[in-house]
Amino acid sequence: MEKDDPLVSAEWLFQKLESNDHGVVVLDASLGKPVPSKESPSSMNTQIKGARFFDIGHSFSDNTSPLPHMMADQERFEKEARNLGLNSEDTIVVYDNHGIYSSPRAWWMFKSMGHEKVYVLNGGLPEWLHKKYPVEEKQQANVPPGNFTAKSQTNFFVDLAHTLEKSDDSNTCILDARSEGRFKGWEPEPRVGLKSGHIPHSKNLPFPYVLDGNQMRPENQLQELFKPFDLSSKQLIFSCGSGLTACIILLAAYKAGYKNLSVYDGSWCEWGASAKLPVEV
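All of the points below concern the structure found in this document. (Residues numbered from 1 in each chain as written. Predicted model: local features only at pLDDT ≥ 70, side-chain atom pairs only at ≥ 80, totals over all residues. Heavy atoms only, no water.)

1. As for the pattern of salt bridges
Reasoning step 1: Applying the stated criterion across every chain yields a total of 14 salt bridges.
Reasoning step 2: Taking the shortest distance from any N to any O, the salt bridge between Lys 131 and Glu 11 comes out at 2.7 Å. Within this pair, whereas Lys 131 is found in the loop between helix H4 (124-130) and strand E7 (135-137), its partner Glu 11 is found in helix H1 (residues 10-18), the two being separated by 120 residues in sequence.
Reasoning step 3: One network of salt bridges, in which partners are shared, links Asp 176, Arg 178, Arg 182 and Glu 189. (Salt bridge = Lys/Arg side-chain N within 4 Å of Asp/Glu carboxyl O. Helix = DSSP H or I, 4+ residues; strand = E, 2+ residues; numbered from the N terminus.)

Rendered as structure tokens:
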């Protein structure tokens, strides 16, 4: 693992767990249906041995919002992190059962709360199973409360007003992780009641482009992918359908060396539902 690399390999994590490094905590940030694997007919009930479940959709979401899995506030995040037995000094590795899908969201959530020692398992559970490393049936972690301290960071997650203000700012680039068809309005939105199209002046980078199978593309390939967007010295705001896959291309941008990154948390679920907001197709 290189300095500032947001990803760790299955080999690195396996060695840490085998050496009983108690400072490393593994969190299962899976969300939704798992990808079937040859090693396991269904990974729905499988987790990396000793992992704890990081509940993006409920415990760590703002349940007062009508929008899906919106970021929890500092107080709620800290409380739930302590309930998971997390400590401020822990090195946290997050993964999901798709490879790289919901784990970047969990990684960015911890970053947004000031926790620097957090990483994404490259390839997630599919890679772990491929390596035949230890797994177990999913179970609730029986751990004592931790001392995790959350310190909310400015502009890691941004709201509609901020995004609207920045949408025509030449020093800002909004990158949308949805498919080209949804971005350009060729395909209907999967959620009922949303308009087709995209935020004016935003650009499209479908999240599968930054992936190679279950893993993130190498840094040099990611830099080539981002080059046409002319992002140097710009604030980058990442959007998608609901603020989830936006974090995949944000993770890719982070790995490629870009800074000043934000996620528009409401994303198209919020923007596309409004009759008042401008839309391009």
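2. Looking at the side chain of Asp 176
Reasoning step 1: Tracing the sequence through the fold places Asp 176 in strand E9 (residues 172-176).
Reasoning step 2: Once residues lying within four places of it in the same chain are set aside, the contact partners of Asp 176 are Phe 183, His 198, Lys 203, Asn 204, Leu 205, Pro 206, Ser 239, Cys 240 and Ile 249. (Contact = heavy atoms within 4.5 Å.)

3. Description of the packing of aromatic side chains
Reasoning step 1: Scanning the model with the defined rule gives 16 aromatic pairs in all.
Reasoning step 2: Judged by centre distance (4.1 Å) and plane angle (25°), the rings of Phe 54 and Phe 60 are stacked.
Reasoning step 3: Residue class for Phe 54 comes out buried when judged on its relative accessible area of 0%.
Reasoning step 4: Owing to a relative accessible area of 2%, Phe 60 belongs among the buried residues under this scheme.
Reasoning step 5: Between Tyr 264 and Trp 271 the ring centres are 6.3 Å apart and the planes differ by 80°, which places this aromatic pair in the edge-to-face class. Of the two residues, Tyr 264 and Trp 271, neither departs from the other in class, the shared state being buried.
Reasoning step 6: These aromatic residues form a ring-pair network of at least three members: Phe 54, Phe 60, Phe 77, Phe 110 and Phe 148.
Reasoning step 7: Seen from the ring of Trp 268, Arg 178 lies directly overhead, with NZ or CZ sitting 4.6 Å from the centre.
Reasoning step 8: Positioned above the aromatic ring of Tyr 254, the side-chain terminus of Lys 259 is 4.7 Å from the ring centre. (Phe/Tyr/Trp six-rings, centres within 6.5 Å; stacked < 30°, edge-to-face > 60°. Buried < 20%, exposed > 50% of the residue type's maximum accessible area, 1.4 Å probe, protein only. Lys NZ or Arg CZ within 6 Å of the ring centre and 35° of its normal.)

4. Observations regarding the sheet that holds strand E10 (residues 203-204)
Reasoning step 1: Pairing in this open sheet of five strands is parallel, and the strands run E8-E14-E13-E9-E10 from one edge to the other. The two strands at the open ends of the sheet, each matched to only one other strand, are strand E8 (157-158) and E10.
Reasoning step 2: Direction of pairing for E8 relative to strand E14 (residues 261-264): parallel, over a ladder of two bridges. Counterpart to Val 158 in the pairing with E14 is Tyr 264.
Reasoning step 3: On the sheet, helix H8 (residues 246-255) packs against E9, strand E13 (235-239) and E14 and is oriented at approximately 175° with respect to E14. (Pairing = 2+ DSSP bridges. Axes fitted to C-alpha atoms, helices over the stretch in contact; angles between N-to-C directions.)

5. Points about the sheet that holds strand E6 (residues 118-121)
Reasoning step 1: Here we have five strands laid out as an open sheet, ordered E1-E6-E5-E2-E4, and parallel in their pairing. Since the sheet does not close on itself, it has two edges, and those belong to strand E1 (7-8) and strand E4 (52-53), each with one partner.
Reasoning step 2: Here H1 sits on the sheet in contact with E1, strand E2 (24-28), strand E5 (91-95) and E6, set at roughly 125° to E2.

6. Topic: helix H3 (residues 103-112)
Reasoning step 1: Summarising burial for H3: 10 of the 10 residues are buried, a large majority.
Reasoning step 2: Every buried residue of H3 is accounted for by Ser 103, Pro 104, Arg 105, Ala 106, Trp 107, Trp 108, Met 109, Phe 110, Lys 111 and Ser 112.
Reasoning step 3: Positive backbone phi, approximately 85°, marks Gly 114, located one or two places after H3.

7. A word on the packing of H3 against H8
Reasoning step 1: Two elements in contact, H3 and H8, have axes whose closest approach is 8 Å; the angle formed by their N-to-C orientations is 65°. Looking at the two axes, H3 sits roughly perpendicular to H8. Remark: the crossing between H3 and H8 carries left-handed chirality. Contact residues: Pro 104, Arg 105, Trp 107, Trp 108 and Lys 111 in H3; Cys 247, Ile 248, Leu 250, Leu 251 and Tyr 254 in H8.
Reasoning step 2: Classifying every residue of the contact of H3 with H8 by side-chain character gives eight nonpolar, no polar and two charged. (Parallel < 35°, antiparallel > 145°, perpendicular 65-115°, else oblique. Left-handed = near helix turned anticlockwise from the far one by under 90°. Nonpolar A, V, L, I, M, F, W, Y, C, P; charged D, E, K, R; others polar.)

8. Focus on the pairing of E9
Reasoning step 1: With five of its five residues buried, E9 lies for the most part within the structure.
Reasoning step 2: Neither face of E9 is exposed, since Thr 172, Ile 174 and Asp 176 on one face and Cys 173 and Leu 175 on the opposite face are all buried.
Reasoning step 3: In this sheet, E13 lies alongside E9 in parallel orientation, the contact comprising five bridges. Counterpart to Leu 175 in the pairing with E13 is Phe 238.
Reasoning step 4: Alignment of E9 against E10, held across two bridges, turns out to be parallel. Directly across from Asp 176, in E10, lies its bridge partner Asn 204.

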